[in-house]
Amino acid sequence: MQFSHNGLIIALDNGNGDISFISHAHSDHVNGVKRSKKHSIIASEETIALANLAGEFVPLMRGARLLNAGHILGSRQLLVEDEQSGTVSVYTGDISLSDNIIVKGCEVPTECDKLVLDATYADPKYVFPSYDDVCSSISKWVNDNRNCNLVIGAYDLGKAQEVVKILNEYSKVVPLVTEKAARFCDVYKKFGVKLDWFEVGTDEAEKAMRDSFVAIVPMRKATRYFCRRLSEAFGRKTLCAVATGWALTHRFDTDTAFPLSDHADFNDLKRYVEESGVKELSFIQGEGNHLRSLVEKKLITTSATIV
Ligand SMILES: [Zn+2]
């Protein structure tokens, strides 16, 4: 996917253009650019650090703006306004409209002709509970199980740091994290996000593991089998959970699941479409079929056509 602007092709989270815009540091948004070996990149400072990007970082050209995306640290949307026609195009990348414990919710442009929208949860079955309720339920689970070891599956970048912060602030717990997640925590800290964690394999982590502990692990590790092994190894009951928006609909092999999402839910996407006044709408990350049918049946206040 690309935007054409001032005679340049701006590739959107891929390497097929004169310049690549990278919305945020999740690998599915970065790897295409890394593979292309083209090195003219527009990205936030945080994204450059989190994704360990190398290349030439070009300043924003006239008529282009980055808007907060509210997804993970450094996530941005790209807005370009054509000088001749005045047409405004926006690429959201991954977005979340609500504030979370680390980043503010995304900025919704008030004028937008063409919109490429994150449709990850563009389905009415994805309406998330309030953020505070989800944080409180994580905290309650931790507090109710202080005598157990607890394992929480979360993506290494973005979600893991959010869970660290929730555990620090709601439960006064310093969790263990993997080496990979710890590297991302370091970058968050460098950009002013206060986080406390222990990196697995360090002396302080070993010390923390003498008592009951909470560990944040990659999603694939958060299984009952893994927890049984931990229970045997530590001689203490181990419970596991996952923290993901998919918890609303998917079953996980865990004791519990928290619908902690860093994406917009269905109602938020509807609101984005309505408030932005978009005229031409297309989707990334999912088919957007439910939004498509709402637009086509005129159930959203929009004059948008789907392209
Ligand atoms: Zn993402």
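Residues numbered from 1 in each chain as written. Predicted model: local features only at pLDDT ≥ 70, side-chain atom pairs only at ≥ 80, totals over all residues. Heavy atoms only, no water.

Q: Which parts of the structure should I look at to understand the coordination of the zinc ion?
A: Six octahedral donors at a metal ideally form angles of 90 or 180 degrees, and four tetrahedral donors ideally form angles of 109.5 degrees. The protein atoms donating to the zinc ion are His24 (NE2), His26 (ND1), His71 (NE2) and Asp94 (OD), with metal-donor distances spanning 2.2 to 2.3 Å. Note that the zinc ion binds four donor atoms; their angles at the metal cover 93 to 165°, and the shape is irregular. Summarised as a motif, the one-chain spacing of the donors to the zinc ion is H-x1-H-x44-H-x22-D. (Donors = N, O, S within 2.8 Å, 3.2 Å for Na, K, Ca; no water. Tetrahedral: all angles 85-135°; square planar, octahedral: opposite > 155°, others 65-115°.)

Q: What is the right way to read the nonpolar core from this model?
A: Burial of nonpolar side chains together is a common tendency in soluble globular proteins. Formed by 49 residues in total, the largest nonpolar core has its most connected members in Leu167 and Tyr188. Mapped onto this core, the elements with two or more residues apiece are helix 1 (27-36), helix 2 (45-50), helix 3 (131-144), strand 10 (149-153), helix 4 (159-171), helix 5 (179-190), strand 13 (214-217) and strand 14 (238-243). Residues in contact with tyrosine 188, not counting those within four places in the same chain, are Leu50, Ile72, Leu73, Ile102, Leu157, Gly158, Gln161, Val193 and Leu195. (Core = buried A, V, L, I, M, F, W, Y, C linked by side-chain atoms within 4.5 Å. Buried < 20%, exposed > 50% of the residue type's maximum accessible area, 1.4 Å probe, protein only. Helix = DSSP H or I, 4+ residues; strand = E, 2+ residues; numbered from the N terminus. Contact = heavy atoms within 4.5 Å.)

Q: Would you mind going over the packing of aromatic side chains with me for this structure?
A: Working definition: an aromatic ring pair is given by the centre-to-centre distance plus the angle between the planes. For the structure shown, the criterion picks out seven aromatic pairs. Aromatic pair tyrosine 121 and phenylalanine 128: ring centres 5.1 Å apart, planes at 85°, arrangement edge-to-face. Judged on exposure class, the residue tyrosine 121 and its partner phenylalanine 128 are both buried. Seen from their ring centres, tryptophan 141 and phenylalanine 258 are 5.6 Å apart, and the 65° between their planes marks the pair as edge-to-face. With tryptophan 141 in helix 3 and phenylalanine 258 in strand 15 (residues 256-258), this pair connects stretches of sequence that are 117 residues apart. Taking the relative accessible area as the measure of exposure, tryptophan 141 reaches 11% and is therefore buried. Residue phenylalanine 258 is classed as buried on the basis of its relative accessible area of 5%. Put simply, the rings of Tyr121, Tyr126, Phe128 and Trp246 touch in pairs and so form one group of aromatic residues. (Phe/Tyr/Trp six-rings, centres within 6.5 Å; stacked < 30°, edge-to-face > 60°.)

Q: How should I be thinking about the environment of alanine 54 in this particular structure?
A: Mapped onto the secondary structure, alanine 54 falls in the loop between helix 2 and strand 5 (56-57). For alanine 54, a relative accessible area of 55% puts it in the exposed group. Alanine 54 has contacts with His39 and Ile41, leaving out every residue within four places of it along the chain.

Q: Would you mind going over the domain arrangement of the protein chain with me for this structure?
A: One frequently used descriptor of interface size is the decrease in accessible area upon assembly of the parts. Once the domains are mapped, the protein chain shows domain 1 (2-125 + 264-306) and domain 2 (131-258). Measuring from the centre of the C-alpha atoms in domain 1 to the corresponding centre in domain 2 gives 30 Å. Taken residue by residue, the interface counts 15 residues in domain 1 and 22 residues in domain 2. Contact between domain 1 and domain 2 buries roughly 1,500 Å² in total, counting both sides, with carbon and sulfur atoms accounting for 75%. Its largest share of buried area at the contact with domain 2, domain 1 owes to Leu50, Ile101 and Ile102, together 39% of the area lost on that side. (Domains from an automatic or database assignment. Buried area = accessible area lost by both parts, 1.4 Å probe.)

Q: Could you clarify how one ought to interpret empty space enclosed by the protein in this entry?
A: Taken as a whole, this structure holds one cavity of 30 Å³ or more when the rule is applied. Taken as a whole, the largest cavity spans an internal volume of roughly 50 Å³. Looking at the largest cavity, the residues that line it are His71, Ile72, Leu73, Asn100, Ile102, Val103, Gly158, Glu162, Tyr188 and Asp262. Residue classes in the lining of the largest cavity are distributed as five nonpolar, three polar and two charged. (1 Å grid on protein atoms, 1.4 Å probe; cavity = no way out; pocket = protein on both sides within 12 Å on 5 of 7 lines; lining within 4 Å. Points joined across faces, edges and corners; volume = space filled by probe spheres on them. Nonpolar A, V, L, I, M, F, W, Y, C, P; charged D, E, K, R; others polar.)

Q: Would you mind showing me how to read the pairing of strand 2 (residues 8-12) here?
A: A regular strand places its side chains so that they alternate between the two faces of the sheet. Relative to strand 2, strand 1 (residues 2-5) runs antiparallel, the two sharing four bridges. Bridge assignment links histidine 5 to a residue of strand 2, and that residue is leucine 8. (Pairing = 2+ DSSP bridges.)

Q: Quick question: what am I supposed to make of the packing of helix 8 (residues 266-276) against helix 9 (residues 289-296) here?
A: For any two helices packed against each other, the geometry comes down to the angle between their axes and how far apart the axes lie. Running from N to C, helix 8 and helix 9 cross one another at 45°; their axes reach a closest spacing of 11 Å. With respect to each other, helix 8 and helix 9 are oriented oblique. Helix 9 is crossed by helix 8, and the crossing has right-handed handedness. Here helix 8 contributes Phe266, Leu269 and Lys270 to the contact with helix 9, which in turn contributes His290, Leu291 and Leu294. (Axes fitted to C-alpha atoms, helices over the stretch in contact; angles between N-to-C directions. Parallel < 35°, antiparallel > 145°, perpendicular 65-115°, else oblique. Left-handed = near helix turned anticlockwise from the far one by under 90°.)

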